[in-house]
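# Geometric and topological summary
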Amino acid sequence: MVKKFLALMSITTLAAAITACGGSSQTANSSTAPSPSTAPIATVDTNKPKPEFKALLQYARFDPNAEVVAKFLNEKTGYKVTYDMLPVENPDDKLNLLMANKEKYAFMLLSGPQYSRLSSSGALEPIDELVNKYGTNMKNVISQNSWNGAKLNGKIYGIPQTGSGTIVNTALIVRQDWMDELGLKAPTTRDELYNVMKTIKEKKNVMALSGGKSPLVTEIMPTFGLTLVQSTATTGWQDVNGKLVNVVENPNMKKYLEFMKKLYSEKLIDQEWSLNQANKVIENFTSGKTAIISNGYFNAPTVQNALLKNTPNAKIASLPYLIGDDGKVQVMGSAGISYYVGIPKWADNKEEIIKYLDLKLDKDIHKEATIGKEGVHHKVENGNYFPILPIFNDQYNNASSFLTGVDEKNYPIYWQARVRKDPILTDAFNKNQEAAKGNIVIDPLSFAPPLEAIGKYNLKLQKLMEDTFLKYITGAEQLENYDKFLAQWKTEGGEEMTKAVNEWYAANKK
């Protein structure tokens, strides 16, 4: 996810303010990621008073200091932590002000761009030596790939936090009752999808496919050999003979746009595609105006309940992931680092901060902070975790906001309790993963650190791509001008991004 970058104060000014505040209690010169440890698990020394910490979290709509998880962590670790949150509007501007004022935070949960900017400005403490000395748990449960993804200019400035593992978020869903009525079989190729769409449009007099804003449909693009990773901040990178190439430079992108333009000109897809927000797309489906949408598993309960309220006998089905022109099924999955946990350069008690963050990754503490107590908040059946409702939602719905790194082997298993809170949600999630099994493609930059060139150019170039592609699809601009777009993309930062990603890829690919 891309957030707008720190804008209120120049990095040079910020760096000067930070330098003036003085040095740190720990200096890291190591150029390697922390190595796994077999040292004993850290425990709380109840006889030694612990310092109190203040932490900064990303925005969410709840009071973190009133949460059960916050109180549990304070009690179990012996450290008292209070929390602030960034605002929903202009969070980077606020963060920049906090750093310029040398606000006394012990640690901060940072997005990739925030982490990159603060580390390059000198606002964050290098933690290599601290982790090697005090990070017993985190070295054991956080992978080398993730540590590499936190390394900037040879040093690590934050703990990398991954999430739920590799998952598939979206699938095309269809009004199965209409498919049954028209005697249509689920399409398995792009041509079959087109024929289904055409039949539905003619027989039911509705839009076949509704969508919004983005011109890139992640269930259709792979049929052209274009991999676009779901929930990614970039437009997608592919390994072509050992080098990374952006999908906009793939010759098949023009073929994809030609196909989408054909669908638009035949009124098989939403004529207001370029205007629709996500809620409008869902509304089109649930009100019976369209037959097919791309839907995230997390929206499944909302979509199904709204549809059944309007049409009690309606049925929904997920379409298979389509076979591409190369005879293969490719499904875009999401993976990688979500956040980084950084320590300000001027923070006190840095050793104790790392000890606390490491203690949170003790197996028992981490598990209970994530999904609560067994028999109270969750139950285990055949090795799978299920929430006990409603107490799980009441007390652990916001637990993920308190993560500062995860047990990368076990957290994805714990996390699945969250998709088992609702049978509709569970069914949609399981169907996506099962249908995609063995065919998932992830972004080759999933575990890359926040690269400066991408941070500098990507947001602007993504908007350029989206705006231009929507013009091609709707006929507002001729597709014959694609080379002109590509030249602009390259000169306005695309070439620099390509150079940067390939330098990282060459040094880190297996």
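See the structure above.
Each value, and the rule that gives it
Residues numbered from 1 in each chain as written. Predicted model: local features only at pLDDT ≥ 70, side-chain atom pairs only at ≥ 80, totals over all residues. Heavy atoms only, no water. Helix = DSSP H or I, 4+ residues; strand = E, 2+ residues; numbered from the N terminus. Contact = heavy atoms within 4.5 Å. Areas by Shrake-Rupley, 256 points an atom, 1.4 Å probe, with all protein chains shown as cover. Core = buried A, V, L, I, M, F, W, Y, C linked by side-chain atoms within 4.5 Å. Buried < 20%, exposed > 50% of the residue type's maximum accessible area, 1.4 Å probe, protein only. Axes fitted to C-alpha atoms, helices over the stretch in contact; angles between N-to-C directions. Parallel < 35°, antiparallel > 145°, perpendicular 65-115°, else oblique. Left-handed = near helix turned anticlockwise from the far one by under 90°. Nonpolar A, V, L, I, M, F, W, Y, C, P; charged D, E, K, R; others polar. Phe/Tyr/Trp six-rings, centres within 6.5 Å; stacked < 30°, edge-to-face > 60°. Pairing = 2+ DSSP bridges.

Within the chain one finds 19 helices and 17 strands. Of all intrachain contacts in the chain linking residues separated by at least 6 positions in sequence, the fraction that spans at least 24 positions is 79%. On the chain, roughly 22700 Å² of surface is accessible, and the fraction owed to carbon and sulfur atoms is 48%.

This part is about the nonpolar core. Membership of the largest hydrophobic core comes to 62 residues, with the highest contact counts inside it found for Tyr256, Met260, Phe469, Tyr482 and Phe485. Listing elements by their share of this core, those giving two or more residues are strand S7 (170–175), helix H8 (176–182), helix H9 (190–204), strand S8 (207–209), helix H10 (252–265), strand S11 (290–296), helix H18 (452–474) and helix H19 (482–508). Ranked by residue count, the leading element in this core is H18, at ten residues. Beyond its immediate sequence surroundings of up to four residues, phenylalanine 469 is in contact with Pro215, Leu216, Val248, Met253, Leu257, Tyr482 and Phe485. Ala55, Met108, Ala369 and Phe392 belong to the second largest nonpolar core, which has 61 residues in total.

Taken N-terminus to C-terminus, the directions of helix H12 (residues 300–310) and helix H17 (residues 423–436) make an angle of 120°; their axes are 8 Å apart at the nearest point. As far as their axial angle goes, H17 and H12 are oblique. Regarding H12 and H17, the two cross each other, and that crossing is right-handed. Where H12 abuts H17, its residues Ala300, Pro301, Gln304 and Asn305 lie against Ile424, Leu425 and Ala428. A per-class count over the contact of H12 with H17 returns five nonpolar, two polar and no charged.

It is worth spelling out the packing of aromatic side chains at this point. In total, this model carries 19 aromatic pairs according to the counting rule given. Ring geometry for phenylalanine 224 versus phenylalanine 259: centroids 6.0 Å apart, planes at 55°, classification tilted. In this pair, phenylalanine 224 is assigned in the loop between S8 and strand S9 (237–240) and phenylalanine 259 in helix H10, connecting sequence segments 35 residues apart. Each of the two residues, phenylalanine 224 as well as phenylalanine 259, counts as buried. With a centroid separation of 6.3 Å and 25° between ring planes, the pair formed by phenylalanine 392 and tyrosine 396 is classed as stacked. Of this pair, phenylalanine 392 and tyrosine 396 both sit in helix H15 (residues 391–396), separated by four residues, roughly a single helical turn. Residue classification places phenylalanine 392 among the buried positions, given a relative accessible area of 0%. A residue is classified by how much of its surface remains accessible, and tyrosine 396, at 1% relative accessible area, is buried.

With that settled, the discussion passes to the sheet that holds strand S2 (residues 80–85). Taken together, five strands build an open sheet; the order of strands is S2-S1-S3-S14-S6 and the sheet is mixed. Across the chains shown, the open sheet's two edge strands, defined by having one partner strand only, are S2 and strand S6 (158–162). Taking the axes of each pair of neighbouring strands and ignoring which way they run, one obtains an average angle of 20° across the sheet. Both strand S3 (residues 107–110) and strand S14 (residues 337–342) contribute to a ladder of three bridges, which runs antiparallel. By the bridge assignment for S14, leucine 110 is matched with tyrosine 340. This element, helix H4 (residues 112–120), spans S3, S6 and S14 of the sheet and lies at about 130° to S3.

Turning our attention to the pairing of strand S15 (residues 378–381). Where S15 and strand S16 (residues 384–387) come together, four bridges link them in antiparallel fashion. Bridge pairing links lysine 379 to phenylalanine 386 in S16. Between S15 and the antiparallel strand that follows it, S16, lie two residues; asparagine 382 among them carries a positive phi value of about 55°.

This part takes up the environment of alanine 123. With respect to the helices and strands, alanine 123 occurs in the loop between H4 and helix H5 (128–134). For alanine 123, a relative accessible area of 0% puts it in the buried group. C-alpha separation for the pair alanine 123 and methionine 99, spaced 24 residues apart in sequence, amounts to 7.1 Å.

Of note, arginine 190 is situated in helix H9. What makes arginine 190 buried here is its relative accessible area of 12%. With sequence-adjacent residues up to four places away left out, arginine 190 is seen in contact with Ile220, Thr223, Phe224, Phe259, Leu322, Ile323 and Asp325.

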